[in-house]
Amino acid sequence: MQSSVGPNELAQLQSTMQAIELACSSIHMHVNPAAAEAAILSLSKSPQPYQACRFILERSQVANARFQAAAAIRDAAIREWAFLTGHDRRSLVSFCLHYVMQRASSPEGYVQSKVSAVAAQLLKRGWLDFTAIEKEAFFAEVNQAILGLHGVDVQFIGLIFLESLVSEFSPSTSSAMGLPREFHEQCRKSLELEYLKTIYSWAQAAAVSVANKIIESESEVPETRVCTAALRLMHQILNWDFRYKKNGAETAKTVDAFSAGLTDNSLLASRTEFSVVQPGPVWRDVLISSGHIGWLLGLYGAMRQKFSSKSCWIDCPVAVASRKLIVQFCSLTGTIFLSDDGKLQEHHLLLLLTGIIPWIDPPDAVSKEIESGKSESELLDGCRALLSIATVTTPIVFDWLLKSISPVGTLSLLSTLTCEVVKILMTSCMDEETWSWVARDILLDTWNALLVLIDNSENSLLPPEGINAAASVFTTIIEYELKAASASAFKEEDGSDYFQASVSAMDERLSSYALIARAAIDITIPILTRLLSERFARLYQGRGINDPTETLEELYSLLLLTGHVLADEGKGETPSIPKAILTHFLDITETEKHPVVVLSGFIIGFAEQSLNPEMRAAVFSPRLMEAIIWFLARWSSTYLMPSAESISNNNRSVHDHDLQLQQSRLCCSFCCDSTQGKLVLDLIIRISMTTLISYPGEKELQVLTCQQLLHALVRQKNVCLHVVTLDSWRQLANAFTNDRALFTLHADNQRSLAQTLVLSASGMKVEESNQYVRDLVGPMTSYLVEISDKGDLKSIASLPDVILSVSCLLERLRGACIAAEPRTQRAIYEMGFSIMNSILVLLEVYKNEFAVVYLLLKFVVDWVDGQINFLEPQETATVVNFCMRLLQLYSSHNIGKISLSLSSSLISEAKTETYKDLRALLQLLASLCSKDLVDFSSDSTEAEGTNISQVVYFGLHIVMPLISLEMLKYPKLCRDYFSLISHMLEVYPEMIEQLNSEALSHIFATLDFGLHHQDIDIGDMCLRTLKELACYHHKEAGSGRVGLGSHAAGFRDPDGNFHDGILGQFLRSLLQLLLFEDYSTDLVSAAADALFPLILCEQSLFQVTELV
């Protein structure tokens, strides 16, 4: 990289520059872009292009050419770093730094930013190579620039470089360099401990040095750019994920006493982005003791006062950067504060809150200014600041902050602000997202941050004023939701996505509302009861007279909100009664007077009216029924027939245990195991059956009924015990079996309902449960056998009614298989056994109907998966033989092969269908494999001579030709395939000799494909397979046996060329991957495990110098 060049070299450099300039111009003009891109790429890929790149940067008049030259320096240097001398490395970094400093006033900012970024990336690449003195030299140059000794433009460029540097050293924003994670972590640790605080101090000093000039000037001055960049850099540094103490030890993320209520971010809604700042005590002097925060607030306040007449000032870069930094300081917490019972942090937050108050208070005046044209940015940042403070404090401290300097607390201000924002929402267009939507979401997250702790704690931590504040907010929210629901009543379906959204899509917002309601549960439960009873009465009184649409929409919203207030979702577990309910209403001793019981009774009584055909037609629209079914599903999981253990769990680790236990029993006693509980259960089942039969075509309603409500009833054994004794449940089962109306349900609902009905057998004795399942599925299997035995089946099979019947029956039987339990295993086995021949007949007939073929295969997969581990030897042989016949039949009809004569769209569709079929077949073989691993039969010996490994290898012979490398691009199919192959070759490597050469070649080709797969799990499975194959061959060969035999031996082709055996080929492939290709460091251990036995098997090959 010499600076002096001769005439010939100069001509070559000019030619290269002209080529790059021409390529950049061609791309800009869209002229032959492929050739232009190739020309630019050739510069990046050429060896040591640094002289040409420097020439272009220094001489070219085309900004894009300079940009590409900088990028080429970066790519080449990263690629060739190991071959560069120490002097060359330092020269590259110095050149980039000097380049941007010398051209600091250049108008092409994006070129300057690119060169700065390249300098930062190269400095990081050499971070562990450069000595401390060399690093100090680089930083000394940057510090001179930031001090402003060379002018404002150079000062700005210095800050831009540091911004790039911090970004590069942060793992979340660092550039890929093809280096292990440990390198990036070492760089990050070094910068954090040795330079990050210094960089922050430089940025702080730079901002202070230009602040007076900005405030004193009547218009924008160049110093504004410097101040903005400095503030932005400080904000970026505070976003750093601080991990290390001063001594280099990694910190544990502990919370001090003051922040005992520090909210886990995972508990908050994901609407608002924020981060907690915990830099540690070493930062106390620069952030807290220095008066830096007071200076920052004073700077913003001075600029705000001076430029307030200019409405656009709020959104100018320096104002935005200042507010962002202020908001970030609100998230400061942890050991940076003294252990003084939180006094220092209280002072810190109070100082910030004092500066933020003018942005948001008084809320009505601020909102009027925004509606009159003022920017909303300041208000939104004020809301974000409140969220940050709420995240690092307890509710009591949060409220006290403002109360210490004013008559009202911070909770009251938050309440007033939230109410004002919601009122603005009421008056704005509800179909468009405005600033008030954003503010509402931020404020709801703030309430979440405060109240999620209360909702999960032993005691209520909200002060009395806070309870009134929460009640006020909830009242305003209800008013808004009812108005919004009423307004949406007569809109077209696509007119308002917000209010026509499904129940699940509204959960996030309603969950926030529920937390607020529970904070003032004594007030909000009676409010909900009053509003619901008023609308119930309005419907009854106006039936047949007034249009009920508005009232129905209001009820829809109220039911959803009430469900969220009364019960939690409880996915994967039985939800408990919310603690807010258990800790209130302690003075009530009679069940029928408990507010939760009264409210629940109102809704259940209203839902019962849907059983009346006349009322159902007049009042209960499908949309209202969705809300009712959803409410009953959520409510019943918590309150319907709870077990004694569940009631006890509601009160575990809670003070005033006796009173809490009394509350829990009061809430649940009206629906316990008594007659009342069974009556409510019976009512819910009858409502469900009415919903399925009387609302045909209502998919969302049917999904809620089948997959949520009915499923919720059978997932708790204490409820199941009563479900199966009810006539209504038997009527539902009978209707499902015999009523043709239920054949119109969607396939997913058919399967779910069958699964639910079979699961209910867990409430019976073993013999009773098997007979119940036989009675349930018997008519279905008989009908399927009847269809398959029809003499004219081939002529009628394509009729829509016949396809629908077959599909529905298969979906139902799949649902029964999925619900199989040990107690019902015998009945499910008999079900599958009775239709084995029918399955084969239907597979033959429907060989050209992709959808039916897939259903047939999935039924077999689900049936075998649930049965194989319980079968006796003779039954196992029967099932295995059936599976072989199925595989042979699928293969014999060329099912899964794609005709090239089809159009591209049909080929794509055929590939998708084939992928689904093949995945099902692989799952079938995997299920058969499990018999050798887990066997619950009474005689687990292979008395019948069924060798599962032989069966599966035979199945692989059939399936393998249908699986191409193209098909393995489907992620799920790929994972299933390699999971099966790795299992078979690891557990039964000796069976590999039984595979024919075509199947074996296919397996080895796919293993090589898997080695280079981007999915780490697939690569790991392939490496484990190679390890086991090599270990098997090495052990066998060492014992004088053949091992992998001819497959492991090399051979010469007719032309005399030598070809490695399969282990030699994989040794070459694995070394190529490890030495010359990119791969995840997570695979290093597995690769080492595979490499060692491969080397032992192919020692002579490994020693060949050409290999390495």
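Before going into details, it helps to say that this report is about the structure given with it.

The rules behind each value
- Residues numbered from 1 in each chain as written.
- Predicted model: local features only at pLDDT ≥ 70, side-chain atom pairs only at ≥ 80, totals over all residues.
- Heavy atoms only, no water.
- Helix = DSSP H or I, 4+ residues; strand = E, 2+ residues; numbered from the N terminus.
- Contact = heavy atoms within 4.5 Å.
- Areas by Shrake-Rupley, 256 points an atom, 1.4 Å probe, with all protein chains shown as cover.
- Patch = residues over 30% accessible without salt bridge, like charges linked within 9 Å, V, L, I, M, F, W, Y side chains within 5 Å.
- Salt bridge = Lys/Arg side-chain N within 4 Å of Asp/Glu carboxyl O.
- Phe/Tyr/Trp six-rings, centres within 6.5 Å; stacked < 30°, edge-to-face > 60°.
- Lys NZ or Arg CZ within 6 Å of the ring centre and 35° of its normal.
- Core = buried A, V, L, I, M, F, W, Y, C linked by side-chain atoms within 4.5 Å.
- Buried < 20%, exposed > 50% of the residue type's maximum accessible area, 1.4 Å probe, protein only.

Our next topic: the overall build of the chain. Across its full length, the chain holds 50 helices and 2 strands. Look at the contacts in the chain between residues 6 or more apart in sequence, and 76% of them connect residues 24 or more apart. Of the accessible surface of the chain, which amounts to about 47100 Å², a share of 52% is contributed by carbon and sulfur atoms.

A cluster of nonpolar side chains, L933, V934 and F936, forms an exposed patch at the surface whose accessible area comes to about 310 Å². The topology assignment puts V934 in the loop between α43 (904–933) and α44 (948–959).

Using the criterion set out here, one finds 24 aromatic pairs in the structure. Look at Y977 and F978: their rings are 5.1 Å apart centre to centre, the planes differ by 75 degrees, and that puts the pair in the edge-to-face class. Cation over ring: K124 sits above F169, and NZ or CZ is 5.9 Å from the ring centre.

Counting residues in each nonpolar core, the largest one holds 374 residues, and the members touching the most others are L162, L287, F329, W729, F859 and W863. Element by element, the count of residues in this core is highest for helix α20 (residues 435–455), at 12 residues. Apart from the residues within four sequence positions on either side, F859 is in contact with L810, L813, R814, C817, M831, G832, I835 and I839.

A turn of α-helix holds 3.6 residues, and therefore any two residues three or four places apart point the same way. Within helix α39 (residues 825–834), burial applies to Q825, A827, I828, Y829, M831 and G832. Buried residues belonging to α39 abut α36 (766–788), α38 (800–818), α40 (836–845), α41 (850–867) and α42 (873–892).

Counted by the stated rule, this structure contains 44 salt bridges. Residue R538 pairs with E554 through a salt bridge whose shortest N-O separation is 3.3 Å. Of this pair, R538 sits in helix α23 (residues 521–542) while E554 sits in helix α24 (residues 549–566), placing them 16 residues apart in sequence. The class of R538 is partly exposed, set by a relative accessible area of 39%. Residues R1024 and E986 are paired through a salt bridge, measuring 2.7 Å at the closest nitrogen-oxygen approach. Taken together, the residues R1024 in helix α47 (residues 1016–1038) and E986 in helix α45 (residues 971–987) connect sequence positions 38 residues apart. Given a relative accessible area of 22%, E986 falls into the partly exposed group. Several salt bridges converge on common partners, so that one network encompasses R530, E534, R535, R538 and E554.

With that settled, the discussion passes to unusual backbone geometry. Leaving glycine out, the prevailing phi sign among residues is negative, and the prevailing peptide bond configuration is trans. With omega at 0 degrees, the peptide bond leading from D361 into P362 counts as cis. Along the chain, the position of P362 falls in the loop between α15 (343–360) and α16 (363–371). Positive phi values are uncommon outside glycine, yet N32 reaches one of about 45 degrees. Here N32 is to be found in the loop between α1 (7–29) and α2 (33–45). One non-glycine residue, Q48, lies in the positive phi region at around 40 degrees. Within the secondary structure layout, Q48 lies in the loop between α2 and α3 (50–59).

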